[in-house]
Amino acid sequence: VDSFEVRGNDVFMIVNTGINQQQTVYLGPRWYIERQDFTLNPGDIVQVNVLTPIPNTGIVYAQQLIANGNTLFLRNDAGQSTWWPGYWSAWPPSRQFANRALPPLGSP
């Protein structure tokens, strides 16, 4: 993880994908990300499963993050976000308790 950015109400993570290559990853709305229990800091190694890129932006949607032995589920295979009200009806209940996210971010 290189850094985090708050753009409006959304949180993005900038990761180094290889030799001098950066990728912007959209995590989700700030209000949701700040309320999760997941520790991730710049410099941490993270595995990110991504979904379809946002057209013409170079930004991808994070489906799940794995870091420091924890997993953060953000979207299902259809791209439906965990903060969407009907999300958990699409997952087995045991997955709900594995949900993790980033610590509160400072003011932009």
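So, here's what we can say about the structure. (Residues numbered from 1 in each chain as written. Predicted model: local features only at pLDDT ≥ 70, side-chain atom pairs only at ≥ 80, totals over all residues. Heavy atoms only, no water.)

On to the pairing of strand β5 (residues 59-67). Summarising burial for β5: seven of the nine residues are buried, a large majority. Pairing of strand β3 (residues 21-29) with β5, which is carried by three bridges, proceeds in the parallel orientation. Bridge pairing in β5 places Val25 opposite Val60. Where strand β4 (residues 47-54) hands over to β5, the hairpin turn is made up of four residues, of which Asn56 adopts a positive phi near 60°. With four bridges joining them, β5 and strand β6 (residues 70-73) adopt antiparallel strand pairing. If you follow Ile66 over to β6, its bridge partner there is Thr71. (Buried < 20%, exposed > 50% of the residue type's maximum accessible area, 1.4 Å probe, protein only. Helix = DSSP H or I, 4+ residues; strand = E, 2+ residues; numbered from the N terminus. Pairing = 2+ DSSP bridges.)

Right, let's talk about the pairing of strand β1 (residues 3-7) for a bit. Inspection of the sheet shows β1 paired to strand β2 (residues 10-18) by five bridges, in the antiparallel sense. Its bridge partner being in β2, Val6 is matched across the sheet by Val11. Here β1 folds back onto β2 in antiparallel fashion, the turn holding two residues, of which Gly8 has a positive phi close to 65°.

Evaluated as defined, the whole model comprises four aromatic pairs. Here Trp31 and Tyr32 contribute two aromatic rings whose centre-to-centre distance is 5.9 Å and whose plane-to-plane angle is 85°, an arrangement assigned as edge-to-face. When the ring centre of Phe12 is taken as reference, the NZ or CZ atom of Arg7 above it lies at 4.3 Å. (Phe/Tyr/Trp six-rings, centres within 6.5 Å; stacked < 30°, edge-to-face > 60°. Lys NZ or Arg CZ within 6 Å of the ring centre and 35° of its normal.)

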